[in-house]
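# Examining the three-dimensional arrangement
The primary structure of each chain is shown beneath.
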Amino acid sequence: MLTTTLTDAQRQFMFEHGYLHLPGAVPTGLVHAARRVINHSLGSQGMDPQKMMTYRARSYCPEVQDDPAIVDLLYASGVRGMVESLVGPDKACPNTKGQIALRYPSLAKTLGDPKPHIDGVPTETNGVPSGKLCPFTLLVCVYLSAVPQSGSGTFHVWPGTHRAFGEHFRTHG
């Protein structure tokens, strides 16, 4: 049976720190299925070197973002229920695709480490139209492979910064 809700302690941790780490929340079979779809895309489509900055800012393998194996990481895993246990039943918008964020060590040397940013704010490469904001309540990250050391993945958290940003937006809109 998949866990689909969070404990009071987990919800409190999220409130205080702004993130949760839930190892094993997505069953291994779903992770393997998603990785197969991504690997097939990379093997059959390849990647246009001229689009690497766009891929990095938006998503690699954009043609499979809505593949059931990708979307199932949220819906078939029970994670969607965990999200709803944070924001309330039926309060989270439906998701129809996932972002595929890959980390290539050799590319990181060329492009540099990711810089802190707020998703949904326009940049030159992320596709958000200038003058428009695309806010959201939270982000779910599912690692599809082991991350052997800090800085090996693409997802970073800065614990507690949600409070500073919340205060900034309450004050400045």
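This report concerns the structure included in the present document. (Residues numbered from 1 in each chain as written. Predicted model: local features only at pLDDT ≥ 70, side-chain atom pairs only at ≥ 80, totals over all residues. Heavy atoms only, no water.)

### Considering the overall build of the chain
Each helix and strand in the chain was counted, giving seven helices and zero strands. Whereas a compact globule of 173 residues would reach a radius of gyration of roughly 16 Å, the chain reaches 17 Å, a difference of no more than 12%. When burial is assessed residue by residue, the chain has 24% of its 173 residues classed as buried. Long-range pairs, those at least 24 residues apart, make up 68% of the contacts in the chain between residues at least 6 apart in sequence. As displayed, the chain offers around 11800 Å² of accessible surface, 57% of which is attributable to carbon and sulfur atoms. (Helix = DSSP H or I, 4+ residues; strand = E, 2+ residues; numbered from the N terminus. Rg over C-alpha atoms; globule rule 2.2 N^0.38 Å. Buried < 20%, exposed > 50% of the residue type's maximum accessible area, 1.4 Å probe, protein only. Contact = heavy atoms within 4.5 Å. Areas by Shrake-Rupley, 256 points an atom, 1.4 Å probe, with all protein chains shown as cover.)

### Observations regarding helix α5 (residues 79-87)
Buried within α5 we find Val 79, Arg 80, Met 82, Val 83 and Ser 85. Where the residues of α5 are buried, they touch α1 (8-17) and α4 (68-75). Count one or two residues on from α5 and you reach Gly 88, which has phi positive near 110 degrees.

### Overview of unusual backbone geometry
With a phi close to 50 degrees, Cys 61 is a non-glycine residue in the positive phi region. Looking at the secondary structure, you find Cys 61 in the loop between α3 (52-57) and α4. The exposure class assigned to Cys 61 is buried, which follows from its relative accessible area of 4%. The phi dihedral of Asp 90 falls on the positive side, at around 60 degrees, and the residue is not glycine. Structurally, Asp 90 can be placed in the loop between α5 and α6 (105-111).

### Considering the packing of aromatic side chains
For the structure on display, the rule yields three aromatic pairs. Both rings, one in Phe 13 and one in Tyr 19, keep their centres 5.4 Å apart while their planes meet at 85 degrees; by these two values the pair is edge-to-face. Classification of Phe 13 as partly exposed rests on a relative accessible area of 31%. Between the aromatic rings of Tyr 55 and Tyr 60, the centroid separation amounts to 5.7 Å while the plane-to-plane angle is 35 degrees, which identifies the pairing as tilted. The same class applies to Tyr 55 as to Tyr 60, namely buried. Cation over ring: Arg 163 sits above Phe 15, and NZ or CZ is 4.8 Å from the ring centre. (Phe/Tyr/Trp six-rings, centres within 6.5 Å; stacked < 30°, edge-to-face > 60°. Lys NZ or Arg CZ within 6 Å of the ring centre and 35° of its normal.)

### As for the environment of Met 14
Looking at the secondary structure, you find Met 14 in helix α1. Separated by 29 residues in sequence, Met 14 and Gly 43 place their C-alpha atoms 38 Å apart. Among all residues touching Met 14, those that are not within four sequence positions of it are Tyr 19, Leu 20, Leu 86 and His 162.

### Some thoughts on the packing of helix α2 (residues 28-45) against α4
Relative to each other, α2 and α4 sit at 150 degrees, their axes nearing to 8 Å. The orientation of α2 with respect to α4, classified from their angle, is roughly antiparallel. In terms of crossing hand, the pair formed by α2 and α4 is left-handed. Between α2 and α4, the contacting residues are Leu 30, Val 31, Ala 33, Ala 34, Val 37 and Ile 38 on the first element and Ala 69, Ile 70, Asp 72 and Leu 73 on the second. (Axes fitted to C-alpha atoms, helices over the stretch in contact; angles between N-to-C directions. Parallel < 35°, antiparallel > 145°, perpendicular 65-115°, else oblique. Left-handed = near helix turned anticlockwise from the far one by under 90°.)

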